[in-house]
Amino acid sequence: MLTTLRRIVLEFSQNADLSDALLHMVSQVKSALGTDCCSIYLADYQTKQFVLMASDGLAKDSLGHTRIGFSQGLVGLVGQREEPINISNAHEHPQFVRAPEVQEDDLHAFLGTPIIHQRKVLGILSIQQKNARNFNENEEAFLVTLSAQLAMAISNAEARELISEDSTHNAKQLKGISGSSGVAIGDMVVIQPKVQLQTISIKKHKSHQHELERFKLAVHNTRAEFDSMTKKLSTVIADSSLDIFEMYKQLLDNANIGHEVEGKIAEGWNAESALKLIIDGYIVQFEALDDPYLRERASDIRDLGNRILANLYEGTTDVTAEQSTFILVSEDVTASMLAEYQHKGLKAIVSMSGSNNSHAAILARALGLPAIMGIDKIPLGQFHNQHAIVDGYSGELFITPNSALLKEYEHLIEEEYALADKVKQVEKLPAITLDGKGIELQLNAGLSSGFEHSINAGAVGVGLYRTEIPFMSQSCFPSELQQTTLYQQVLASFPKQPVTMRTLDVGGDKALPYFPIVEDNPFLGWRGIRITLDHPEIFLQQVRAMIRANYGHNNLEIMLPMISDVSEVDEATRLINQAYYELSSEIELVEGVKLNKPKIGMMIEVPGVIFQLRDFASKVDFFSVGSNDLTQYLLAVDRNNAQVSDLYDSYHPAVLRALNTIAQESSEYLVPLSLCGELASDPAGAILLLAMGYDKLSMNPHNIAKIKWVIRHIELQRAKTILSHVMSFSSAKQVHSYLREQLEILGLGGFVRAGM
Ligand code: PEP
Ligand code: MG
């Protein structure tokens, strides 16, 4: 049954024509379950009706015409109840509605299951039988499983239709999550680092000859790669292991897969689609085999397919010289991609994976680039070189926008510039409320190598210097000397202002290429301080470098990430003291000068810490809340997972109450408190944190002037009134709508949406 199910789903997703795919699918289900009828209805949300799209058993004339209201008939009931309905005699059911045109008078048994994607009912799949009987558990399980799998394929099909070649020239609109605010217009450049056949959606192409040539060239290049791999590896591994490359080359032959792909191209498919159709077919065949050795070959075929695919894309996705500015689009925009392209005309990013607090989004904000994360899953290749608008406020991407929409957004961009100019006026002024309450604004730095540009942003030192980037961009741990040189530059850039350097915080979503960590649950695993305390040699080297670099500057503060237990603070402090006393005596001996001992603080990111603030208070010099991780751990929502991004919300009442408790207790224990997560750079967030009593807010340089403007245009008293209202709400939705309204009243709405 599992193989049948897989085949049905695979064939469905491979069919470029949605109505054809549905027709084929209902026939397959009917025959697999031995019923008399199988039908599929798709939801039309405009008219609030289900439309009979395909059926094997109901009258053909009714396809595309028969419509059933969302609250009508048994189909409507399945949609309303969002669960399967299994009835032995449908005609006797009180909600049965007779639709003569479908000719179902002799069909009595009915089983309908909803097709639901991300909580939205996309349609209903039903089977019917002449005999009045209840369908059995296996039949029900089959239909439910199939519906769940079809949901993804149908939603992809919807997206596919949206951008198909025949669609009108109106702007096509895709929705993602706002990763970084701002608006940009430009041509999209698709970068596909890990191109996979699995993610390709099939498409026809008019020029067979052109596609054939592309395929032949890709095969040629793939062969050449295998030759060079064999050559390289033959010196280090046994000859028999290299047979795999010979096998790959044979498969590429005209007599084999190569020939079949060419056949598909001749049928009108583009090269990628033809390759996918053939390779997927083989994979299904191999995976269904009983022999475990042969079954394993499915992965070889997949690998081969992906290699050819990579060569098909070769040369089509590079940022070309003539693209002076562009929007970067990728399946998974990484921090390193941003680092690579930031100086090459990058205007905005669009990533299919990731979420608002992925490090790529944080970096985009640090660079002042609009970003959309977790956009609908659609085949990316088709975006290449298309003109688009990125609305980083709403998370909307408009592809090939019409001139009216372009004009509207060009106007919004002008307003954005005007707003940026306006807030720039207060950049150098203190962050002080209308009624005289001051708050320090500091910088988050270290995510990009160009921290220097932030010197003049108007901040009072650095509240979070992330040290992991230099570790991530190397091929081994940086030496103490290398680290010392880098930290010296940072400390020297902020004379007389505190610079809070965080000790290495890798693990989770930040991997070191030379120090692989494989875990099922990385965010709950070996991360931050847990790694460095297990490797005191790495920790000691880093803090020695920091303390040495601090010589002559005396503005270093050390911050410990991911603390969850007091013993971690004790142990880290012991190691920092050890490094300090070793270096002090070394330096005192040579220079005759006493070395300053840095303050030691900890991040509050793990919820458990909130219940032990009193215990921690006596052990550290300051607290700094990492609201990005605190939100993820308090709400048990992966900050990188687009699937659950709706649940990740730092304005969730639980998070806000936790932040308020932290502020109250820190003040009670007299521990200076700052917040260095992304919430600090959000206007509404800054107002709430000010009211809660946070001493410092740390944020990326692009937001300093904006947040200063906000602070300088509100009274502390007003902020406190807003906070007290917010604290009474029980849902994030209420919090957001209230805060949006308050920002508009304060004349600060332009900071959270496009336009002034
Ligand atoms: C945080 O978790 O809020 C934080 C500032 O650290 P990072 O985003 O680097 O995990
Ligand atoms: Mg963190």
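Everything that follows concerns the structure shown earlier in this document.
Note that the structure is a prediction, hence the values are computed from the model and not measured.

**Here we look at the coordination of the magnesium ion (ligand 2)**
Distances from the magnesium ion (ligand 2) to its protein donors, Glu605 (OE) and Asp629 (OD), fall at 2.0 Å. A residue pair is termed long-range when its members are at least 10 positions apart, and glutamate 605 in the loop between strand S19 (599-604) and helix H18 (613-617) and aspartate 629 in helix H19 (residues 627-635) qualify at 24 residues. Judged by relative accessible area, glutamate 605 falls into the buried class, the value being 2%. Take aspartate 629: its relative accessible area is 2%, and that puts it in the buried class.

**Details of the pattern of salt bridges**
With the rule as written, the count across this model stands at 25 salt bridges. Across the pair glutamate 427 and lysine 424 runs a salt bridge whose closest N-O atoms are separated by 3.0 Å. Its salt-bridge partner being aspartate 505, residue arginine 527 comes within 3.5 Å of it at the nearest N-O pair. Within this pair, whereas arginine 527 is found in the loop between strand S17 (499-502) and helix H15 (529-534), its partner aspartate 505 is found in the loop between S17 and H15, the two being separated by 22 residues in sequence.

**Here's the deal with helix H7 (residues 257-266)**
Because an α-helix completes one turn every 3.6 residues, residues spaced three or four positions apart along the sequence face the same direction. Along H7, the residues that are buried comprise Ile257, Gly258, Val261, Glu262 and Ile265. Mapping the buried residues of H7 onto a view down its axis gives an arc of 140 degrees, with all of them on the same face. Immediately downstream of H7, the backbone of glycine 268 shows phi near 115 degrees, a positive value.

**Observations regarding unusual backbone geometry**
For methionine 562, which is not glycine, the phi torsion reads 60 degrees and is therefore positive. At leucine 670, a position not held by glycine, the phi torsion is positive, near 60 degrees. Looking at the element boundaries, leucine 670 is found in the loop between helix H20 (653-668) and strand S21 (673-675). Classification of leucine 670 as exposed rests on a relative accessible area of 74%.

**A closer look at the site of ligand 1**
Around ligand 1 sit 16 residues in total, of which Arg466, Arg502, Gly626, Asn628 and Arg639 are the nearest. One of the backbone N or O atoms of glycine 626 is found 3.4 Å from an oxygen atom in ligand 1. Aspartate 629 has a polar side-chain atom sitting 3.0 Å from an oxygen atom of ligand 1. Contact with the protein chains removes 100% of the 290 Å² of surface that ligand 1 exposes when unbound. For the shell around ligand 1, the elements supplying multiple residues, two or more each, are helix H11 (359-367), strand S16 (462-466) and H19.

**A word on the packing of helix H23 (residues 716-726) against helix H24 (residues 732-745)**
Their axes nearest at 10 Å, the elements H23 and H24 cross at an angle of 160 degrees. When the interaxial angle is binned, H23 and H24 end up roughly antiparallel. Crossing of H23 against H24: the hand is right-handed. Of the residues in H24, those touching H23 at Arg718, Thr721, Ile722, His725 and Val726 are Val735, Tyr738, Leu739, Gln742 and Ile745. Class assignment for the residues of the contact of H23 with H24 results in six nonpolar, three polar and one charged.

**Digging into the sheet that holds strand S18 (residues 556-560)**
One closed barrel holds the eight strands; their spatial order is S15-S16-S17-S18-S19-S20-S21-S22, and the pairing between them is parallel. Going across the sheet, the axis of each strand differs from the next one's by a mean of 25 degrees, ignoring polarity. The pairing of S18 with S19 spans four bridges and is classified as parallel. Considered in S19, the bridge of leucine 560 is made with methionine 602.

**Describing the nonpolar core**
Grouped together as the largest cluster of nonpolar side chains are 111 residues, with contacts concentrated most on Phe623, Leu659, Met692, Tyr694 and Leu697. Sequence-distant contacts of methionine 692, defined by excluding residues within four places in its chain, comprise Leu656, Leu659, Asn660, Ala663, Leu723 and Met727. By size, the runner-up hydrophobic cluster in this structure holds 30 residues, among which are Ala218, Phe226, Val261 and Ile283.

**Considerations on the pairing of strand S5 (residues 109-117)**
Most of S5 is tucked away: eight of the nine residues are buried. Counting the residues in the hairpin turn of S5 and strand S6 (residues 120-129) gives two residues, including glutamine 118, whose phi is positive at 45 degrees.

**A word on the packing of aromatic side chains**
When we look at a pair of aromatic rings, we describe it by the centre distance and by the angle of the planes. Taken as a whole and assessed by the stated rule, the structure comprises 10 aromatic pairs. Where tyrosine 45 meets phenylalanine 70, the ring centres are 5.1 Å apart and the plane angle is 70 degrees; that geometry is what we call edge-to-face. Highlighted residues: tyrosine 45 in the loop between strand S1 (37-44) and strand S2 (49-56) and phenylalanine 70 in the loop between strand S3 (67-69) and helix H3 (73-81), separated in sequence by 25 residues. In this structure phenylalanine 70 comes out as buried when scored by relative accessible area, which is 19%. For the pair phenylalanine 398 and tyrosine 409, a centre-to-centre distance of 5.6 Å together with 50 degrees between the ring planes defines the contact as tilted. Of the two residues, phenylalanine 398 is situated in strand S14 (residues 396-399) and tyrosine 409 in helix H12 (residues 403-424); the sequence distance between them amounts to 11 residues. Accessibility assignment for this pair places phenylalanine 398 and tyrosine 409 in one class, buried. Chaining the aromatic ring pairs together yields one cluster made of Phe471, Phe477, Tyr514, Phe515 and Trp526. Here lysine 120 stacks its cationic end above the ring of tyrosine 45, 5.0 Å away from the centre of that ring.

Procedures and definitions
Residues numbered from 1 in each chain as written. Chains lettered and ligands numbered in written order. Predicted model: local features only at pLDDT ≥ 70, side-chain atom pairs only at ≥ 80, totals over all residues. Heavy atoms only, no water. Donors = N, O, S within 2.8 Å, 3.2 Å for Na, K, Ca; no water. Helix = DSSP H or I, 4+ residues; strand = E, 2+ residues; numbered from the N terminus. Buried < 20%, exposed > 50% of the residue type's maximum accessible area, 1.4 Å probe, protein only. Salt bridge = Lys/Arg side-chain N within 4 Å of Asp/Glu carboxyl O. Arc of directions from axis to C-beta. Near = heavy atom within 4 Å. Polar contact = N/O pair within 3.5 Å; in protein donor to acceptor, adjacent residues only side chain to side chain. Areas by Shrake-Rupley, 256 points an atom, 1.4 Å probe, with all protein chains shown as cover. Axes fitted to C-alpha atoms, helices over the stretch in contact; angles between N-to-C directions. Parallel < 35°, antiparallel > 145°, perpendicular 65-115°, else oblique. Left-handed = near helix turned anticlockwise from the far one by under 90°. Contact = heavy atoms within 4.5 Å. Nonpolar A, V, L, I, M, F, W, Y, C, P; charged D, E, K, R; others polar. Pairing = 2+ DSSP bridges. Core = buried A, V, L, I, M, F, W, Y, C linked by side-chain atoms within 4.5 Å. Phe/Tyr/Trp six-rings, centres within 6.5 Å; stacked < 30°, edge-to-face > 60°. Lys NZ or Arg CZ within 6 Å of the ring centre and 35° of its normal.

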